[in-house]
Amino acid sequence: MTTNILPAQWSLWLLALTLWGLVFAGQGWAEQRQPNILILNSYHQGENWSDNEIAGILSALRTRRPHLVPRIELIDAKRFPTPAHLDFFKGYLVHKYHGRTFDLIIALDNPALDLLVGNANDLFPETPVVFAGINGYRPAMIAGRKKVTGVVQRLDAAGTLEMALSMHPGAAKVLVIHDYTASGLAVRQETEQSLARFADKVELRYASDGPVETLSQELRAMPPNGLVLLLTYVTDKAGRTFTREESARLIASVSPAPVYTVHATDLGFGVVGGLLLEGQEHGRQAADLALRVLGGADSEHTAIEESRSRCMIDYTVATKLQITERLWPDSALVVNRPISFWNRHRSALIPSFAAILVLTALSLLLWVTVIRLRRTKQTIHKSEEKYRVLFSNIPLGITVTNRLGKIIETNDMAAKLLGLSKEDHEARTLDSTEWRIIRPDGTPMPVDEYAGMRALHENALIEHVEMGIVRPNAETIWLSVAAAPLHLEDYGVMVIYSDVSERKQAEKALLRKDALLGAMLRNLPFDFWARDANQRILMQSDESVNLWGDLAADTASLQQFDAKTLEQGAANNRRVLAGEIISEECALVTKHGDLREFHHILAPIREGTEILGVLGINIDITEHKQILEEVRRSNELLSSFIKHSPIYAYIKEVVPFESRVLKASDNFQEMIGVPGSQIAGKTMEELFPAEFAAKITADDWLVVSRGEILHQDEELNGRCYTTFKFPIPIGRKSYLAGYTIDLTERRRAAEEKSKLEVQLAQAQKMESVGRLAGGVAHASTTCSA
């Protein structure tokens, strides 16, 4: 029985371990995959509110997914607020992301949400959407789009006004400022409802729709007991766009009344404060909601949240306006409050006091040391005199050791070269492990190869040892070192060294330059070669060797050329050695037997006025010439097709307000009296009456901007035409092709046919009546008989 249980237990354990490994492996794989997120920003780069929103979103997303890099698209609706721009941007998104999908879309502010909801079937229909920064939110705003949730932007205008009135009890008039963009009007609609309860306390008035100069006049007219409530002002009626910083600073500088706001981005530019909505906090709130959706939450049933505001006051502005601090809300976050000297410099003062104490102690220590040095001055005077001249005047680093290799003396030049202080240097030995010394080839140098150690052990002069010293700052200096034994009591060796780093660097740079030049020339993607003054090959690129063989090493490769080609080449070389530059086209057979066409360039190699050799380049233009020939034939075929078309055919280049003919059939002579050869290059205004030309230009732009085919019937000079137009997208330019058929004769024939059919029917009716009358008469006659 035991033998049956144990294998089963082991099997269970193995199964559990396997499942555990699969689960964690799956988790690791899942962590590696980053979700594909699109952030659709309604405004432009540099618009503080949306920039802060994005900063908050990225900050929150990367706390959970550090390597996440969302795609960000800017609609620029502040500067281009028209429906046509949104329609254009929709086409741009459809074209750019055709065939691509996203795990989530974050829509910032009203235009982005309107674009997604209004085009629910065309723009990422199955992708969950999380919105933020939406003004005047109503459930109807997301009707028609599934999987939508988000954070509603509730500007606490009522709370801000209530705070302002508590700080200015005598205020009687309030001017509310907003712009007249889509988002600005949505803010006003929401604000009007929340401020209705103040109607019996103060006179509320909203700034008019006009340029910034009109707003400035309204601000200057504010009374001393007035208040200004800034909601949003980014675009004026003249179309000028301002950053929030610019608009806040402008309004605060012009207004004689205190200015309050609902956006944190306005704080610090002359406004007092308010219950402020912070862009980064709003973005973080939206990102938290997005992470929940990415984690599996159903976006369609995830509750829509409201933004959070915080009470903030600018200390500098409030004190400038003499608003007593007891009137400030207790919960307010005060910014720009002056910091006491101690709090401002606390981190520097404490170390300074400590440094003073340490310096005092060091001064006492130095004083004691000076006393001791004075007592020993006579003893060391002879030793100092012995080395003073040598150490002070020789422009070399000098290190002196005792018999055991302990460093006992160095000079200032040694400290400069080695990057060590005198104390650190003299604390080492010649074979100390702190040294980091390398050979010229970059490998570590063994201790027994050090010049000082060799002189110490061999008791002989060692010269011309090159070594690299890695300084404490990781910089390497190259030295030429000599060492010699000192036959004095208690002395070992003297090591003398000089800096050769510049020479080493110059040598290394020269070698690198030569290697780089050689590699560059060899890897040139065309036939390149050089000859000396005796016409001997000095260098060939790899492509040249591939085409002709190694002409320097294999003289047999020259046999592939005929005598005439070789003579022509030698003659060209002589011309170049005489100072001439040759540039011509030629046809040559390569070593593979291919006939290729080349652009052949020869130039002299000069050094001053002396010519040292010949530089040659052969650029293969075979395919290029073939392509040019194909293009020429295609253009000729297209031109011939259009020119002789039996219907009116044409190609145009179209921009928003101009449509210009590039090619047209000759039969336009019949329509407008001008052949196609003379139409090319002309605009519609130059060919047709103004009203008709404007209609054609508008139709052409509609075709290329929407990418749709247009079919319409037209009349010109009493004749009827039917026209088909379709776009031809090539690169960044917009082209249009079309053809027009004259239906005048066909319509006239149809009308004539219709008239004849009517006449025939009437004739048939008359014939039937005649037959009937004849029958009646016959019947009457018969009865009478």
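Residues numbered from 1 in each chain as written. Predicted model: local features only at pLDDT ≥ 70, side-chain atom pairs only at ≥ 80, totals over all residues. Heavy atoms only, no water.

Read from one edge of the open sheet, five strands run β21-β20-β24-β23-β22, paired in antiparallel fashion. Two strands in the sheet have a free side with no partner beyond their single neighbour: β21 (537–540) and β22 (582–589). Between one strand axis and the next, the sheet turns through 25 degrees on average, direction left out of account. Bridging between strand β20 (residues 527–532) and strand β24 (residues 610–620) involves six bridges; their strand directions are antiparallel. For Asp532, the partnering residue across the bridge sits in β24 and is Gly613. This element, helix α19 (residues 622–643), spans β22, β23 (595–607) and β24 of the sheet and lies at about 125 degrees to β23. (Pairing = 2+ DSSP bridges. Helix = DSSP H or I, 4+ residues; strand = E, 2+ residues; numbered from the N terminus. Axes fitted to C-alpha atoms, helices over the stretch in contact; angles between N-to-C directions. Contact = heavy atoms within 4.5 Å.)

Applying the stated rule across the entire model yields 46 salt bridges. A salt bridge links Glu278 to Arg310; the nearest nitrogen and oxygen atoms lie 3.0 Å apart. Note that Glu278 is positioned in the loop between β10 (273–277) and α9 (279–294) and Arg310 in strand β12 (residues 309–314), a separation of 32 residues in sequence. We classify Arg310 as partly exposed; its relative accessible area is 38%. The partner of Glu305 in a salt bridge is Arg292, and the shortest N-O contact between them spans 3.0 Å. (Salt bridge = Lys/Arg side-chain N within 4 Å of Asp/Glu carboxyl O. Buried < 20%, exposed > 50% of the residue type's maximum accessible area, 1.4 Å probe, protein only.)

With that settled, consider the environment of Glu466. Tracing the backbone shows Glu466 in strand β17 (residues 462–470). In sequence terms Glu466 and Arg503 are 37 residues apart; their C-alpha atoms lie 12 Å from each other.

Counting through the fold element by element, Glu73 comes out in strand β2 (residues 71–74). Taking the relative accessible area as the measure of exposure, Glu73 reaches 6% and is therefore buried. One polar contact links Glu73 to Lys96, side chain to side chain, over a distance of 2.6 Å. Contacts of Glu73, omitting those with residues within four sequence positions, involve Leu38, Ile39, Leu40, Asn41, Phe89, Tyr92, Leu93, Lys96 and Tyr97. (Polar contact = N/O pair within 3.5 Å; in protein donor to acceptor, adjacent residues only side chain to side chain.)

What follows is about the pairing of β2. Pairing of strand β1 (residues 37–41) with β2 involves four bridges; the strand directions are parallel. Bridging from a neighbouring strand, Asn41 pairs with Leu74 of β2. Where the polypeptide runs from β1 across helix α2 (residues 48–64) and back to β2, its parallel neighbour, the crossover connection is right-handed. (Right-handed = clockwise from strand over helix to strand, strands pointing away.)

Overall, the prediction assigns the protein a mean pLDDT of 85, with 91% of residues at 70 or greater. Across residues 1–16, confidence stays below pLDDT 50; counting only partners more than four residues off in sequence or on other chains, it has one contact. (pLDDT = per-residue confidence, 0-100.)

For the rest of this paragraph, the subject is the packing of helix α7 (residues 212–220) against helix α8 (residues 244–254). Their axes nearest at 9 Å, the elements α7 and α8 cross at an angle of 40 degrees. On the basis of the axis angle, α7 is oblique to α8. Contacts between α7 and α8 pair Val212, Leu215, Ser216, Leu219 and Arg220 from the former with Leu250, Ile251 and Val254 from the latter. Considering only residue class, the contact of α7 with α8 consists of six nonpolar, one polar and one charged. (Parallel < 35°, antiparallel > 145°, perpendicular 65-115°, else oblique. Nonpolar A, V, L, I, M, F, W, Y, C, P; charged D, E, K, R; others polar.)

A few words now on the environment of Arg145. Along the chain, Arg145 falls in the loop between β4 (129–134) and β5 (148–152). Using a relative accessible area of 7% as the deciding quantity, one classes Arg145 as buried. Along the chain, Arg145 and Leu116 lie 29 residues apart, while their C-alpha atoms are 8.0 Å from each other. Every residue in contact with Arg145, bar those within four places of it in the chain, is listed here: Leu116, Val117, Asn119, Ala120, Leu123, Phe124, Pro125, Thr127 and Val129. In this structure the side chain of Arg145 is engaged in a polar contact, spanning 2.9 Å, whose partner is the backbone oxygen of Leu116. A distance of 2.4 Å separates a polar side-chain atom of Arg145 from the backbone oxygen of Phe124.

Nonpolar side chains collect at one region of the surface, where Val358, Leu359, Leu362 and Leu365 lie side by side and expose about 370 Å² of accessible area between them. Structurally, Leu362 is set in helix α12 (residues 346–393). (Patch = residues over 30% accessible without salt bridge, like charges linked within 9 Å, V, L, I, M, F, W, Y side chains within 5 Å. Areas by Shrake-Rupley, 256 points an atom, 1.4 Å probe, with all protein chains shown as cover.)

Let us look at the sheet that holds β2. Across the sheet, six strands lie side by side as β2-β1-β3-β4-β5-β11; this open sheet has parallel pairing. Each edge of the sheet is formed by a strand with only one pairing partner; in this case those strands are β2 and β11 (305–306). Relative to β11, β5 runs parallel, the two being bridged by two bridges. Residue pairing across strands places Val151 opposite Glu305, the latter belonging to β11. Strand contacts of helix α4 (residues 110–118): β1, β3 (104–108) and β4, with the helix running at about 135 degrees to β3, the strand carrying the most contacts.

It is worth spelling out the nonpolar core at this point. Core analysis: the biggest nonpolar cluster contains 32 residues, and Met167, Leu195, Leu229 and Tyr260 have the highest contact counts within it. Of all elements in the fold, only α5 (157–167), β6 (173–178), β8 (226–232), β10, β12 and α10 (315–320) reach the threshold of two or more residues within this core. With seven residues, α5 is the single largest residue contributor to this core. In contact with Leu195, not counting residues within four places along its chain, are Ala157, Ala158, Leu161, Val176, Leu204, Tyr206 and Leu229. (Core = buried A, V, L, I, M, F, W, Y, C linked by side-chain atoms within 4.5 Å.)

Among the eight residues in strand β25 (residues 648–655), six count as buried, and that is most of the element. With six bridges joining them, β25 and strand β29 (residues 733–742) adopt antiparallel strand pairing. Note that in β29 the partner of Tyr648 across the bridge is Thr740. As defined by bridge partners, β25 adjoins strand β26 (residues 658–664) across six bridges and the pair is classed as antiparallel. Looking at β26, one finds that Ile651 is bridged to Lys663.

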